[in-house]
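# Overview (structure and organization)
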Amino acid sequence: MGCANQVCYICAPITTQQQSVSVEQILNDMKHAKAEGADTVEVRLDCITNFHPLLHLKIILQNKPLPLLIAHRPTWEGNLHKGDENMRLEALQLALELGADFIEVELKEASCLPTLVEHKRNHHSHGKIIVSCYVDDITPTQEELLQLVALMQATGSDIIKLVTHAADITEVMRIFSLFPHCQVPLIAYSVGERGLISHLLSPKFGGFFVYGSLAGNPIPGIPSLESLKEAYKLERVNENTEVFGLISKPVSHSKGPILHNPSFRHVNYNGIYVPMFVDDLKEFFSTFPSPDFSGFSVGIPYKEEVLRFCDEVHPLAQSIGAVNTIIRRPGDGKHVGYNTDCEAAITAIEDALIEHGCNDGGASLGSPLAGRLFVLVGAGGAGKALAFGAKSRGARLVIFDIDFDRAKSLACAVSGEAQPYKELVNFQPEKGAILANATPVGMHPNTDRIPVAEGTLEDYWLVFDAVYTPRRTRLLKEADAAGAITVGGVEMFLRQAIGQFNLFTGLEAPKKLMREIVLSKF
């Protein structure tokens, strides 16, 4: 029937397979879950220390601040306290009697369902029965997943739940395509970093529950309650929500979601921006041509390779040879590539120079970079954007890259000079030069490195670092101490994001709000 119009509830698991907890801790965690914005909490009885069914269920159910899902995993699913299977099923019956809102039963034990359904009817319970299946190995084929869904529906349960483990983000599309075939509410998601979008986009496709982890108790592969309520606000996501994603590897460091999502909401645009851990661009673009996905940001290491998967490329991006923004054109569905990094980085550098009164030599030429030496470290996607931007302003370029051939190729394209990377530590710039780092050197978690010799920093007028995690890199701190003007990657990130927002939505970006978010949360 496709459940895309139903409400999607956020459920917080407060017990997990790895821990054994007291009833007191459960009561405490339920309160925290409510405070953090959960709609429902899940308690696994097999995780309770010295579990006593009648005593403990009464305490938990009489004190629940939110609707409660009770699970009692069988031994084959990692039950922490192996015991009598009949006692486990009796505990689930008791949970229904005492007012549990949901109970969960494994598909492998579906033979007990008629007993539970009858028990529910006899005790006039309003609790819903969930039948679940956990697939630990590779994600089954589409046909196999549909067969599983049909099997679970045939049990007569109120809700069905299917959990897989995504080895590749493309497998998540198999999950999304199940919802239209489902006759009852469906909970379906993939665990693991590559499966994160199966949680975040569940309300769009019709999921019944989205799981979120408590602060201080992260669950691998499950988003935090805080992110679901603050960054993503899933209660606003529906079948008409347009999806934008960051294609990157890795992707967990991205601050894009906490910038783009509030900005969408600020201008009342029905969109969501999600991180997408992509391993193979060819596989990705052959699987995600769906009109539900309206555009993408492109991060490390794909800004150059992704050109091959664009149907059209904007002339600036084509000349740079790097794309950081892709729009799915509404009229014909074609993917069009753009580069918003170039102007973002160069205007950030220019504005900082002008602000510090450094517009002398290039004033007549329109840019403080005109005629100035521009030392670029890194000839990848971000480096190319900086190089073409600097060339367009009349700067003289010297380029270093670990891949000397790549440095030479870029230098040739911008009429600059390439030097071997090993020479960087000995390179002595002329006074008043600009240094730009476009490599990941200094990025979290390896924050103690800088790409040049500290002693040379005093010769640079301005030092720019494209890295924005952390906000103040060691390179920027050392350059500050040496007396240079410094511009962080956060400024470039903000400006390129404003450009992306305009392309994504066709609307004017809320620049003031976006700057406030960057200054307060980055």
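All of these numbers come straight from a predicted model, not from anything done at the bench. (Residues numbered from 1 in each chain as written. Predicted model: local features only at pLDDT ≥ 70, side-chain atom pairs only at ≥ 80, totals over all residues. Heavy atoms only, no water.)

We now examine the packing of aromatic side chains. For the structure on display, the rule yields 23 aromatic pairs. Ring centres 5.4 Å apart and planes at 50 degrees place the aromatic pair Tyr-189 and Tyr-211 in the tilted group. On the criterion of sequence distance, the pair formed by Tyr-189 in strand E7 (residues 186–191) and Tyr-211 in strand E8 (residues 209–211) is long-range, its members being 22 residues apart. Residues Phe-285 and Phe-309 carry aromatic rings whose centres are separated by 5.7 Å and whose planes lie at 10 degrees to one another, so their mutual orientation is stacked. With Phe-285 in helix H11 (residues 281–287) and Phe-309 in the loop between strand E11 (293–298) and strand E12 (312–313), the pair connects residues that are 24 residues apart, well separated along the chain. Across the pair, exposure class does not vary: Phe-285 and Phe-309 are buried alike. Following the ring pairs from residue to residue traces out a cluster consisting of Tyr-9, Phe-102, Tyr-189, Phe-208, Phe-209 and Tyr-211. Seen from the ring of Phe-205, Lys-204 lies directly overhead, with NZ or CZ sitting 6.0 Å from the centre. Between the NZ or CZ atom of Lys-255 and the centre of the ring of Phe-522, over which it lies, the distance is 5.2 Å. (Phe/Tyr/Trp six-rings, centres within 6.5 Å; stacked < 30°, edge-to-face > 60°. Helix = DSSP H or I, 4+ residues; strand = E, 2+ residues; numbered from the N terminus. Buried < 20%, exposed > 50% of the residue type's maximum accessible area, 1.4 Å probe, protein only. Lys NZ or Arg CZ within 6 Å of the ring centre and 35° of its normal.)

In this structure, Ile-70, Ile-103 and Met-276 are the most contacted members of the largest nonpolar core, which totals 90 residues. In this structure, Ile-346, Ala-352, Ala-411 and Ile-434 belong to the second largest nonpolar core, which totals 37 residues. (Core = buried A, V, L, I, M, F, W, Y, C linked by side-chain atoms within 4.5 Å.)

With that settled, consider the environment of Glu-90. For Glu-90, the location among the structural elements is in helix H3 (residues 85–97). Since its relative accessible area comes to 48%, Glu-90 is described here as partly exposed. Residues Glu-90 and Pro-53, spaced 37 residues apart in sequence, show a C-alpha to C-alpha distance of 8.6 Å.

The next point concerns the sheet that holds strand E4 (residues 102–106). Across the sheet, which stays open at both edges, the 8 strands sit in the order E7-E6-E5-E4-E3-E2-E1-E8 with parallel pairing between neighbours. Here the strands that pair on one side only, and so sit at the sheet edges, are E7 and E8. Strand after strand, the sheet turns through a mean of 25 degrees between neighbouring axes, direction not considered. One ladder, built from 3 bridges, connects strand E1 (residues 9–13) with strand E2 (residues 40–44); its direction is parallel. Each residue of the ladder has a partner; that of Pro-13, found in E2, is Glu-42. Most of the contacts of helix H9 (residues 225–232) go to E1, to which it runs at about 155 degrees, and overall it touches E1 and E8. (Pairing = 2+ DSSP bridges. Axes fitted to C-alpha atoms, helices over the stretch in contact; angles between N-to-C directions. Contact = heavy atoms within 4.5 Å.)

Mapped onto this structure's residue numbering, the UniProt feature "domain: Shikimate dehydrogenase substrate binding N-terminal" (unreviewed entry) falls at residues 246–326. Within residues 246–326, the helical portion is 30% and the strand portion 25%, while the C-alpha atoms at the span's ends are 10 Å from each other. (UniProt positions renumbered as here; feature names shortened; annotations may be inferred.)

Another point: the pairing of strand E16 (residues 396–401). Within E16, 5 of the 6 residues are buried, which leaves the element mostly enclosed by the surrounding structure. As defined by bridge partners, strand E15 (residues 373–377) adjoins E16 across 5 bridges and the pair is classed as parallel. The residue of E16 that forms the bridge with Val-375 is Val-398. In the sheet, E16 pairs with strand E17 (residues 417–420) via 4 bridges, with the strands oriented parallel.

To continue, consider the sheet that holds E15. What the 6 strands build is an open sheet, ordered E17-E16-E15-E18-E19-E20; its pairing is parallel. The open sheet has two edge strands, E17 and strand E20 (485–487), and neither has a second partner. In this sheet, neighbouring strand axes are inclined to one another by 20 degrees on average, regardless of whether the strands run parallel or antiparallel. Sitting on the sheet, helix H13 (residues 341–355) touches E15, strand E18 (433–437), strand E19 (460–465) and E20, and the angle it makes with E19 is about 145 degrees. Sitting on the sheet, helix H16 (residues 474–481) touches E18, E19 and E20, and the angle it makes with E19 is about 165 degrees.

Quick look at the side chain of Thr-340 now. Among the secondary structure elements, Thr-340 is positioned in the loop between strand E14 (335–338) and H13. Side-chain polar atoms of Thr-340 contact the backbone oxygen of Gln-496, separated by 3.0 Å. Sequence-distant contacts of Thr-340, defined by excluding residues within four places in its chain, comprise Asn-324, Thr-325, Gln-496, Gly-499, Gln-500 and Leu-503. (Polar contact = N/O pair within 3.5 Å; in protein donor to acceptor, adjacent residues only side chain to side chain.)

With that out of the way, let us pick up the pattern of salt bridges. Scanning the entire structure with this criterion turns up 30 salt bridges. Lys-229 is paired through a salt bridge with Glu-235; the nearest N and O atoms lie 3.7 Å apart. With a closest N to O distance of 2.6 Å, Glu-430 and Arg-396 form a salt bridge. Within this pair, whereas Glu-430 is found in the loop between E17 and E18, its partner Arg-396 is found in strand E16, the two being separated by 34 residues in sequence. Connected via shared salt-bridge partners are Glu-42, Arg-73, Glu-104, Glu-106 and Lys-161. (Salt bridge = Lys/Arg side-chain N within 4 Å of Asp/Glu carboxyl O.)

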